[in-house]
Each structure stands twice: as C-alpha cells, then as structure tokens.
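Structural characterization, general
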Amino acid sequence: MDVKIEESWKQVLKQEFTKTYFLEIATFLKTEKMAGKTIYPPGSLIFNAFNTTPFNKVKAVILGQDPYHGPGQAHGLSFSVPNGIPPPPSLVNIYKELHSDIGVPIPGHGNLTHWAEQGVLLLNASLTVRANEPMSHAKIGWAEFTNAVIEKISDQKKNVVFLLWGKFAQEKQVLIDETKHLVLRAAHPSPFSANNGFFGCRHFSKTNAWLMSKGIDPIDWKL
C-alpha cells in the first residue's frame, strides 16, 4: 500500500507496508472511523515522528508507549503536545530533569518538535489510540511495526542513543545492537515512578557527551 511517509523512511520500511499485519492495521483504523470512533492523533499526524525526523538524520530515539488520548494532545511525537496544550505530568518531569541536568530553562509549552527536527526520533510504540481509552490500539499490530523501526535503526545506522524510560521501553533493549549504539535506561518520568531513578539520570548530558565523542553534533535541548 502507498503510505504517506517521509521518503527515506519509505525506502527503509517498504517491506513492512506490504505485510499482512500492516494491512490489518489500516483496515482496523478504517473500521473504527466508519463506526464513528475518534482516533488520535489525526490521520495526517500518525507518522509525524518519521516526517519530522528522516531516517538519515536520526541521532537519538526517545521511546514512548501510547499517544495521549485527550482532545488536542497527540500530534505523533512521543511525550510531546502541540502549542497551546498544557504539558502533561510526565513531560513536566522531563523538563525538571532537563533543567537539573543541563540548566535548560523549563519551557512554557509542551511542543518537542525542535528536538525532532535535530534528529531525536520521538517514537511511540503504538501510533494511534481511541479517544479517552488508553492502550486501546496497543494490540492491533503497531508494536510489530515500531519494533521493526527500532531494528532497522539498530541494523542500518551506528552511534544512535536510545533513551529507554520505564519497563515497557526497556523491553525493547533486545532489539538494539549495543556494540554500536548507546542504550540509556531509567525509570519512567511519570509522577508514579520518576522518583525511582528518572530524576538524576542525566540522560540529556549523557546523550550529548556520547554524540560528541563520536564526532556528531550534540542536541540543542533548549525549547
């Protein structure tokens, strides 16, 4: 099927788009819409992470689990919300750690597009969700697709930093070749777990130190 996605990703993932599971995702989403279900993010933003961060630009991956399920929140970038939407609690904690780690002022918005444009792939394991029903699309095939994305990055690139926050993200570690990539693990930034090792993890400075050690431009984390 002809998926509207940035060209470098289209080439890397073209085999996935013809597999049965991916066709079943498309059919499921069409069925949900025909049944009058509201799905987030809007169709044009489902592949926003890929369209904003081309494959050849990926320097780091921040893995989320599920898109936000409230009105106007999800825009296809993990942990991010559009301008005008208050930053959710996990993102507030990300900002706190960012500030304590490298002194970046805490932004008044929750839009992480600036990171994505510099090569931070903000990837959710599921790319869609039904309104007000968290994890409602977690079992429709998206995990197979996003696992393939992680494997393609691991296999075809080198010196990428993977930031795995929380148990769910850390289960993806088996997909990553740690002989040529850096994996950083910490607790999830959710208010329920941030005190268990997310605060103080210093992943932002560690990411930049690794990138610079490999001759790669660091991320400007300031928003």
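Being a predicted model, the structure only gives us computed values, none of them experimental.

What follows concerns the side chain of Ser193. As for its position among the elements, Ser193 is in the loop between strand 6 (182–186) and helix 8 (203–213). Looking at Ser193, its side chain comes within polar contact range of the main-chain oxygen of His188, at 2.8 Å.

Another aspect to go through is unusual backbone geometry. Here the residue pair Tyr40 and Pro41 is connected by a cis peptide bond, since its omega of -10 degrees sits within 30 degrees of zero. Along the chain, Pro41 turns up in the loop between strand 1 (39–40) and helix 3 (48–52). One non-glycine residue, Asn132, adopts positive backbone phi at about 65 degrees. Tracing the backbone through its elements, the reader meets Asn132 in the loop between strand 4 (129–130) and helix 6 (142–156).

The next subject is the sheet that holds strand 2 (residues 60–64). With respect to topology, four strands assemble into an open sheet ordered 3-2-5-6, the strand pairing being parallel. The open sheet has two edge strands, strand 3 (120–124) and strand 6, and neither has a second partner. In this sheet, neighbouring strand axes are inclined to one another by 20 degrees on average, regardless of whether the strands run parallel or antiparallel. Two elements, strand 2 and strand 3, share five bridges in a ladder whose sense is parallel. Paired with Val61 across the bridge in strand 3 is Leu121.

Tallying each qualifying case throughout the model produces 19 aromatic pairs. Between Trp165 and Phe204, the ring centres sit 6.2 Å apart and the planes meet at 65 degrees, which makes this aromatic pair edge-to-face. Placement of Trp165 in strand 5 (residues 161–165) and of Phe204 in helix 8 is noted, with a sequence separation of 39 residues between them. On the basis of relative accessible area, Trp165 is assigned to the buried category, the value being 2%. Here Phe204 falls in the buried class, since its relative accessible area comes to 0%. Site record: aromatic cluster; members linked through ring pairs are Trp9, Phe17, Tyr21, Phe22, Phe47, Phe50, Phe55, Trp142 and Phe145. Lys157 extends its terminal NZ or CZ atom over the ring of Phe55, reaching a point 5.2 Å from the ring centre. For the cation-ring pair, Lys214 lies above Trp210, with the distance from its terminal atom to the ring centre recorded as 4.6 Å.

The rules behind the values
Residues numbered from 1 in each chain as written. Predicted model: local features only at pLDDT ≥ 70, side-chain atom pairs only at ≥ 80, totals over all residues. Heavy atoms only, no water. Helix = DSSP H or I, 4+ residues; strand = E, 2+ residues; numbered from the N terminus. Polar contact = N/O pair within 3.5 Å; in protein donor to acceptor, adjacent residues only side chain to side chain. Pairing = 2+ DSSP bridges. Axes fitted to C-alpha atoms, helices over the stretch in contact; angles between N-to-C directions. Phe/Tyr/Trp six-rings, centres within 6.5 Å; stacked < 30°, edge-to-face > 60°. Buried < 20%, exposed > 50% of the residue type's maximum accessible area, 1.4 Å probe, protein only. Lys NZ or Arg CZ within 6 Å of the ring centre and 35° of its normal.

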